[in-house]
Structure formats: structure tokens, C-alpha cells
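The residues making up each chain are set out below.
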Amino acid sequence: MNALPFAEWMSAVQGRVENALCRCLPDADSVPQRLHAAMRYAALGGGKRVRPLLAFAAGELSGAPTKRLDRVACAVELIHAYSLVHDDLPCMDDDTLRRGRPTCHIEYDEATALLVGDSLQTLAFELLADADFGEPARQIEMIALLARASGSRGMAGGQAIDLAAVGKPLEQPELELMHALKTGALIRAAVLLGALAGTPLTDDERARLDRFARRAGLLFQVVDDILDCTASTATLGKTAGKDEAAAKPTYVALLGLEAARAYAGELRAEALAELAVFGARAARLTQLADFICHRPF
Ligand code: GRG
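The sections below set out a description of the structure shown in this document. Only a predicted model underlies this, so the values are computations on that prediction, with no experimental measurement involved.

Rules used throughout
Residues numbered from 1 in each chain as written. Predicted model: local features only at pLDDT ≥ 70, side-chain atom pairs only at ≥ 80, totals over all residues. Heavy atoms only, no water. Near = heavy atom within 4 Å. Polar contact = N/O pair within 3.5 Å; in protein donor to acceptor, adjacent residues only side chain to side chain. Areas by Shrake-Rupley, 256 points an atom, 1.4 Å probe, with all protein chains shown as cover. Helix = DSSP H or I, 4+ residues; strand = E, 2+ residues; numbered from the N terminus. Nonpolar A, V, L, I, M, F, W, Y, C, P; charged D, E, K, R; others polar. Salt bridge = Lys/Arg side-chain N within 4 Å of Asp/Glu carboxyl O. Buried < 20%, exposed > 50% of the residue type's maximum accessible area, 1.4 Å probe, protein only.

1. Description of the site of the ligand
And step 1. Not every one of the 19 residues close to the ligand is listed here, only the nearest: K48, R51, H80, D87 and R99.
And step 2. In this structure, an oxygen atom belonging to the ligand sits 2.8 Å away from a side-chain N or O atom of R51.
And step 3. Within the contact set of the ligand, an oxygen atom lies 2.8 Å away from a side-chain nitrogen or oxygen of R99.
And step 4. When the ligand sits alone it has 700 Å² of accessible area, and the protein chains cover 92% of it.
And step 5. Residue assignment for the shell around the ligand shows that the elements contributing at least two residues are α4 (66-87), α8 (155-165), α9 (172-196) and α10 (203-230).
And step 6. Per element, the largest residue contribution to the shell around the ligand is six residues, and it comes from α4.
And step 7. Partitioning the shell around the ligand into residue classes produces five nonpolar, seven polar and seven charged.

2. Observations regarding the pattern of salt bridges
And step 1. Within this structure, the stated rule accounts for 20 salt bridges.
And step 2. Its salt-bridge partner being R261, residue E258 comes within 2.8 Å of it at the nearest N-O pair. Placement of both E258 and R261 in helix α14 (residues 257-275) is noted, with a separation of three residues, approximately one turn of the helix.
And step 3. Owing to a relative accessible area of 54%, E258 belongs among the exposed residues under this scheme.
And step 4. Each of E18, R49, E77 and R99 takes part in salt bridges that share partners, so that together they form one network.

Any functional reading would require information that these geometric values do not contain.
Spelled out as C-alpha cells, the structure:
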């Protein structure tokens, strides 16, 4: 896949991840059928697969075998899919549209959607624990990294801060912390896990990759905020304009649209600067940072 133009590489990885997810999710006709069908509904057939793409791109830095990257990519995507299912529930964001289709609790029911999230999350850890990553100590490090990124000091913690902040003006450092946890932690985990699946990086390389991942996570969120107020519901496949309607603290609300765009440009440049040391090995990560910055949805 190394020689492919970016768009073709992207769809090759997306297709590969779709197949890998399809294989690792329980069959829809196995008991309990309704839960398994709903898990497949939530995880398959949609989404940009940005986190898996980041894992594959980071894996190119460390020469990670594609079979290991399949595992990593599925694990982070399953955590992401679980977070979307729970985020859409009436007790959270209360949304009816996701990836251009009815949300999981609308298509099924709330109790099923709750269990879908729980089950996708535990399946992610099962995948990492069951895989052969060569070295047990590294495998445990990877499992711990994903656990921390997903829990109260990562994604779930960011969601808690977000829920508590609705209607309250947040200053930029508080907004940054919220997003570093809610969106950034899993994006960072995708990058670091992809690299960890191969030959160990030096301490300096790992620190640079970590700084890249943190800037890329923030960039993803700033662009998400911009898209929420500039793109249509049809383009996004989810309800547009929800942040403003729900008085959510966003970069656009804090900085204004033009300054948010300029900030996205700064974050892209800072992220790319961290990759210079890797040379051609970071070509895919560079292209992905550009994609995250300029994506239409
Ligand atoms: C419920 C524990 C828990 C956490 C929820 C991810 C999340 C935390 C909430 C989703 C709400 C949201 C819009 C967050 C902003 C950034 C984001 C994660 C957008 C959706 O991710 P994409 O654009 O979605 O990668 P696709 O559908 O392409 O996978």
C-alpha cells in the first residue's frame, strides 16, 4: 500500500478496517441476536475511520506488520463507535442522526444502545489482549494506554467536563483541556498504538510523535467545531448546528469563525513540524494531518 496515492491508500485502509471489523464483531445471528445486530449496525458501514487511518499511518514509522495494525485499528474504532452510541443517547446529546442513519437507540432502543456501547468497549480490549504483539510487556503497555485514553482521565472524563460546561462560557485553556480529553485522548492513542505495534521508536521520536498526536487531536476538534456551523446536515451525516443550538463551548464560539480557521492552520503547521525528523516515513501522517485540516465532513 506504500506506493499508492493518498486517496487510494485511504480507501484501501478503510476497506481493510471494514473487513477486519466485520470479522471481529459477533455474527448477527448468534445469541443474543438483537444486541449483536445492533453492535454491527453501530460499528460497520460508515464513518471516516480517521483513528484507524492514523494508526496505520503511525505504523509506517515503526514498520508495524499490517495484521497487528488491523487489531489496533479495530480496537480504537470500536472505542470510538461505543462513544458515539452513548453520546447520542437522550441522557447525553440526544441525537437522532449519525453517519447519515438513525442513531443506534432510534434504530433499536435505549437499553440495547447502552449495551452496544458496553460491549463494543470490552470487545476492543479483548482484541488487544488476544493478539500477538510479540512482546508481552509492550502488549500490556498498549492495553493500559487505550484504557487510560478511554476512561475518566481521557475520553469519558472529557465528556463529563463537556456535559458540565453547557451554557457556561469556558476560557481557551479549559476548552483545550476538555477537547484534549474528549476527542484528543483517543486520537493520541490511535497514533501511539500504531507506532507501538512495530519496532520501538527512540525516546526522542516517541516524544515528537506524541506532540504531533496532541496537536492533530486538537486540530481535529477545531475543524469539527468549524464544520458544525459551516457544513450541512446532509454533508456531515449528523445534525449540523447542534453546538450553537445547545450553547456548547466551541472554538468558533470562543474565537469566531475566521480566528478558529487561523488557529486550525497554526495547529496543522505545529503538528507537521514534529514530523520533520522522520522524513519519508511520515508521509502518510503528513497527508492525514492535511486531510484532517481540510476535510469536508
Ligand atoms: C460517551 C464516553 C462518551 C464519550 C463521548 C466522542 C464523544 C465522546 C462524543 C462525540 C461528540 C462529538 C461530536 C465530538 C467531537 C469530535 C468527534 C469525536 C466527532 C465524531 O468523530 P468522527 O468525525 O466521526 O471521526 P465518524 O462518523 O467519521 O467516525
